[in-house]
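Next come the chains, spelled out residue by residue.
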Amino acid sequence: MDAHVSLAEVAVRSPKAVICLLSALRFHELTTENPVNVYVMLPVGVQRPRMSNPRLEVFWASPNAYHAGIEEHLISGVKVRITSPAKTVVDCFKYRSKVGINVAVEALRDAWRKKKASADELWKIARLCRMTNIMRPYFESIVA
């Protein structure tokens, strides 16, 4: 059984859902957290998927933020859309009140250390999501 089978279940039952935040961090091996819920992003205006298992934590994004930094991965024979490591890190800063600033900083540190995201990738997404001012001091302390 694939360790990420719940992500494939969500992809089958909600094709517009993009796996994000803690679930994407776990998929990219950028956290030690093991989320209870599956974190998904939907475009603004799309209804919340009706499913009780797996439980979802839903976030809505503007069209630009929704389409940026999406990768497709094959999990249990299903194409699953997951935010890239760079987009996932930026989203953690964007939703830091939900996931915690410590999680966001750990994700940034791990993505940089494991070379999963370059400075250019991070800043491109950070600009798009208007997170450069929030992320700059953390990024400078990690890179220095």
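Residues numbered from 1 in each chain as written. Predicted model: local features only at pLDDT ≥ 70, side-chain atom pairs only at ≥ 80, totals over all residues. Heavy atoms only, no water.

Caption draft 1: Structural view of the overall build of the chain. Summing up its helical and strand segments, the chain has eight helices and five strands in all. Along the chain, helices and strands appear, N-terminal first, in the series α-β-α-β-β-α-β-β-α-α-α-α-α. Here the C-alpha atoms of the chain give a radius of gyration of 14 Å, agreeing with the 15 Å that 2.2 N^0.38 yields for 144 residues. Principal-axis analysis of the C-alpha atoms places the extent of the chain at approximately 45 × 35 × 25 Å. For the chain, the computed accessible surface area is about 7900 Å², with 49% contributed by carbon and sulfur atoms. Positive and negative side-chain charges in the chain, numbering 21 and 13 respectively, have mean positions lying 6 Å apart. (Helix = DSSP H or I, 4+ residues; strand = E, 2+ residues; numbered from the N terminus. Rg over C-alpha atoms; globule rule 2.2 N^0.38 Å. Areas by Shrake-Rupley, 256 points an atom, 1.4 Å probe, with all protein chains shown as cover. Lys, Arg positive; Asp, Glu negative; His and termini not counted. Charge placed at Lys NZ, Arg CZ, Asp CG, Glu CD.)

Caption draft 2: Region of the structure containing the layout of surface pockets. If you add up the space inside the largest pocket, you get close to 210 Å³. Looking at the lining of the largest pocket residue by residue, the classes come out as five nonpolar, five polar and one charged. (1 Å grid on protein atoms, 1.4 Å probe; cavity = no way out; pocket = protein on both sides within 12 Å on 5 of 7 lines; lining within 4 Å. Points joined across faces, edges and corners; volume = space filled by probe spheres on them. Nonpolar A, V, L, I, M, F, W, Y, C, P; charged D, E, K, R; others polar.)

Caption draft 3: Layout of helix 6 (residues 101–113). In this model helix 6 runs 18 Å from its N-terminal to its C-terminal C-alpha over 13 residues, within 8% of the 18 Å that 1.5 Å per residue would give. At the C-terminal side of helix 6, Lys-115 shows a positive phi close to 60°. (Expected span 1.5 Å × (residues − 1).)

Caption draft 4: Quick peek at the pattern of salt bridges. Within this structure, the stated rule accounts for two salt bridges. The partner of Lys-87 in a salt bridge is Asp-91, and the shortest N-O contact between them spans 2.9 Å. Remark: Asp-91 and Lys-87 occur in helix 4 (residues 85–94); sequence separation between them is four residues, near one turn of the helix. Of the two residues, Lys-87 and Asp-91, both sit in the buried class. With a closest N to O distance of 2.7 Å, Arg-113 and Asp-110 form a salt bridge. One end of the pair, Arg-113, and the other, Asp-110, are both in helix 6, three residues apart, so they sit about a helical turn from each other. (Salt bridge = Lys/Arg side-chain N within 4 Å of Asp/Glu carboxyl O. Buried < 20%, exposed > 50% of the residue type's maximum accessible area, 1.4 Å probe, protein only.)

Caption draft 5: Looking closely at the packing of helix 4 against helix 7 (residues 119–128). The N-to-C vectors of helix 4 and helix 7 enclose an angle of 50°; their axes lie 9 Å apart at closest approach. Judged on the interaxial angle alone, helix 7 and helix 4 are oblique. The two elements helix 4 and helix 7 cross, and the hand of that crossing is right-handed. Contact with helix 4, carried on its side by Ala-86, Lys-87, Val-89 and Val-90, involves Glu-121, Leu-122, Ile-125 and Ala-126 of helix 7 and no other residues of that element. Tallied by class, the residues present in the contact of helix 4 with helix 7 amount to six nonpolar, no polar and two charged. (Axes fitted to C-alpha atoms, helices over the stretch in contact; angles between N-to-C directions. Parallel < 35°, antiparallel > 145°, perpendicular 65-115°, else oblique. Left-handed = near helix turned anticlockwise from the far one by under 90°. Contact = heavy atoms within 4.5 Å.)

Caption draft 6: Up close: the nonpolar core. With 36 residues, the main nonpolar core has Leu-21, Val-89, Phe-93, Leu-108 and Met-135 as its most contacted residues. Those elements that place two or more of their residues in this core are helix 2 (21–27), strand 2 (38–43), strand 3 (56–61), helix 3 (63–67), helix 4, helix 6, helix 7 and helix 8 (132–143). Top element by residues in this core is helix 6. It accounts for six residues. If we skip the residues at most four places from it in the chain, Val-89 touches Ala-107, Leu-108, Ala-111, Leu-122 and Met-135. One finds Val-10, Ala-24, Leu-42 and Leu-56 within the second-largest nonpolar core, a separate group that totals 18 residues. (Core = buried A, V, L, I, M, F, W, Y, C linked by side-chain atoms within 4.5 Å.)

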